[in-house]
Every structure is written in structure tokens, then in C-alpha cells.
Amino acid sequence: MSLFVVPTPIGNLKDITYRAVEVLKNSDIILAEDTRTSHKILKHYSINVKLESFHMHNEHKKIQKVLRQLKEGTTISIISDAGTPGISDPGFLLVRESLANQIEVFCLPGPTALIPALIQSGFPTDRFVFEGFLPQKKGRLSRIKSLAIEKRTIVIYESPHRIIKTLTQLLPHFGETRKVSVVRELTKKFETQFRGSINEAINYFSENKPKGEFVISISAELQN
Ligand code: SAM
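Reading guide: rules and limits
- Residues numbered from 1 in each chain as written.
- Predicted model: local features only at pLDDT ≥ 70, side-chain atom pairs only at ≥ 80, totals over all residues.
- Heavy atoms only, no water.
- Pairing = 2+ DSSP bridges.
- Helix = DSSP H or I, 4+ residues; strand = E, 2+ residues; numbered from the N terminus.
- Axes fitted to C-alpha atoms, helices over the stretch in contact; angles between N-to-C directions.
- Contact = heavy atoms within 4.5 Å.
- Phe/Tyr/Trp six-rings, centres within 6.5 Å; stacked < 30°, edge-to-face > 60°.
- Buried < 20%, exposed > 50% of the residue type's maximum accessible area, 1.4 Å probe, protein only.
- Domains from an automatic or database assignment.
- Buried area = accessible area lost by both parts, 1.4 Å probe.
- Nonpolar A, V, L, I, M, F, W, Y, C, P; charged D, E, K, R; others polar.
- Parallel < 35°, antiparallel > 145°, perpendicular 65-115°, else oblique.
- Left-handed = near helix turned anticlockwise from the far one by under 90°.

## So, the sheet that holds strand S8 (residues 179-184)
Right, so step 1: If you trace the five strands from one edge of the open sheet to the other, you get S6-S7-S10-S8-S9, paired in mixed fashion. Each end of this open sheet is capped by a strand with a single partner; those strands are strand S6 (128-133) and strand S9 (192-197). Sheet twist, expressed as the mean angle between neighbouring strand axes with direction ignored, is 15 degrees.
Right, so step 2: In the sheet, strand S7 (residues 153-158) pairs with strand S10 (residues 214-218) via five bridges, with the strands oriented antiparallel. Residue pairing for S10: Tyr-157 is matched across the bridge by Val-215.
Right, so step 3: Each of S7, S8 and S10 touches helix H7 (residues 163-174); the most contacted strand, S10, lies at about 10 degrees to it.

Here it is as C-alpha cells:
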């Protein structure tokens, strides 16, 4: 009666732990955000376990069945398309409800974009705040304003389509002197990092069309 939360690579297929492969192989069922994506990845590690879809559009509908299976002794792992489930990906609801039903939850350490982006930023890591994706509409401006006075390093996930828009919206609140690190395509062939002011980042991405996956880290207020 255990739920395993299993991180999978964010790009480079070598970034999986021996334990993650072992836990997945020993699972009765693997819950996956997108079964087609996960099928390809699991095949790479010769993992042939029954995959069931579990994502933000069906998790409320499916959760009672999954809890029942866990209580019956089924070993279930949850994975997402990339990285750690529950980090801007499905997983939280199942973890919360499993614990509420006295089901043991084990989250394996492993790939996520958050930690490499933070460490690689060179900004203080002793205290940081992870914002995931900023709200797209309602609450976006007030979130940006509250982050502008944040005293910890800030980490934000962003899509290539919104990166310039987001940096442009951050600029008037964060000012000219705040430093950002924008990493792109972590662990992949075309991994790059930009470091500089927000204004410089806007200019850089206006000249270099943003493609791929991005994480923005912002230095805390009054830090260089
Ligand atoms: N669960 C994932 C994790 O643990 O990082 C996050 C999934 S979230 C749906 C996808 C976002 O994570 C992307 O838009 C990007 O901000 C970030 N991300 C994921 N993989 C990345 C990579 N290889 N390089 C840079 N950012 C990445």
C-alpha cells in the first residue's frame, strides 16, 4: 500500500536514478500525465508496466479508484511528462489524498528544472521562493508587485511564447538593477544561459528568438 512519486528526465535520458528505474519496474501500475509520451520514455529503460493516464483533467474523476487500488495493496507510481510530479505538474492531489487515507507516500529525489536553474543562476540559494508559472490573467499584476519586494531569490517557470512579455512586465516593478538568469533547455543539446539585467534579457531575447523551455531566476531585492 504505497504510492511512489518518481521524477523522470527533463531532457537528457541519462538523468534518471537507478532507484527510479527499479521502483518503476516493481510497480503494478504507473500513472502518467501523457501515456504516449511516457510509453516512449519507459521503453528506453525497458520498463514494461501498465500505464494509466492521470492528469489535471481526469485526476478528480480517477482519484477514488486509485485510492481504492492503493488500499487493496497495489503498488502505484506516478510520473509526469518531465521532471518531478507535483512541481507544476499533476501529483499534489494524489499525494494529499493518499496521506489523508493513511497510504504511505515516497517521493524519490531526482530531476526537476527548478533546482539546476536556481543553482546555475549564481544567486543566493540559502533562501528562495518558487513561483511555478505566474498567473496568466487574474492576479498576475499583484503577484508581480509582491515578488518585486521579495527578499529571497525567485524562480519562475515560463513558456517561450511569454518570456519577452513576462520580462517586459517585470521590468517596471523590479527596475534596471535587478539581475536575472534565464536558462533554456536544461540538460538538452541546445542548453543556454543568459545572465544580466531584465532590460538586457529583453534585448537578448528580442534578437534571439526564444525556443524551448525556460526558467527565470531573479536575484533578491538589493542584491547584485
Ligand atoms: N515537473 C517539472 C519539473 O519538475 O521541473 C515541471 C513541469 S512544467 C509543466 C514545465 C516547465 O518546467 C517548463 O515550461 C519550463 O519552465 C520548466 N522546464 C521543464 N524542463 C525544462 C528544461 N529542460 N529546461 C528549462 N526549463 C524546463
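There's more to say after this.
## Considerations on the packing of aromatic side chains
Right, so step 1: Across all of its chains, the model carries seven aromatic pairs by this definition.
Right, so step 2: Between Phe-133 and Tyr-157 the ring centres are 5.9 Å apart and the planes differ by 70 degrees, which places this aromatic pair in the edge-to-face class. A residue pair is termed long-range when its members are at least 10 positions apart, and Phe-133 in strand S6 and Tyr-157 in strand S7 qualify at 24 residues.
Right, so step 3: Take Phe-133: its relative accessible area is 42%, and that puts it in the partly exposed class.
Right, so step 4: Here the aromatic residues Phe-194, Tyr-204, Phe-205 and Phe-214 are joined through ring pairs into a cluster of three or more.

## Some points on the domain arrangement of the protein
Right, so step 1: When the domains of the protein are assigned, the result is domain 1 (2-107) and domain 2 (114-218).
Right, so step 2: Measuring from the centre of the C-alpha atoms in domain 1 to the corresponding centre in domain 2 gives 29 Å.
Right, so step 3: Taken together, the contact pairs six residues of domain 1 with eight residues of domain 2.
Right, so step 4: Taken over both partners, the interface formed by domain 1 and domain 2 buries close to 510 Å², and the fraction arising from carbon and sulfur atoms is 64%.
Right, so step 5: Tallied by class, residues from the side of domain 1 that touches domain 2 come to two nonpolar, three polar and one charged.

## Focus: the packing of H7 against helix H8 (residues 198-207)
Right, so step 1: Between H7 and H8, whose axes approach to 9 Å, the crossing angle comes to 160 degrees. Judged by the angle between their axes, H7 and H8 are roughly antiparallel. Viewed along their axes, H7 and H8 form a crossing whose handedness is left-handed. Contact with H7, carried on its side by Ile-164, Leu-167, Thr-168, Leu-170, Leu-171 and Phe-174, involves Ile-198, Asn-199, Ala-201, Ile-202, Phe-205 and Ser-206 of H8 and no other residues of that element.
Right, so step 2: Looking at side-chain class alone, the contact of H7 with H8 contains nine nonpolar, three polar and no charged residues.

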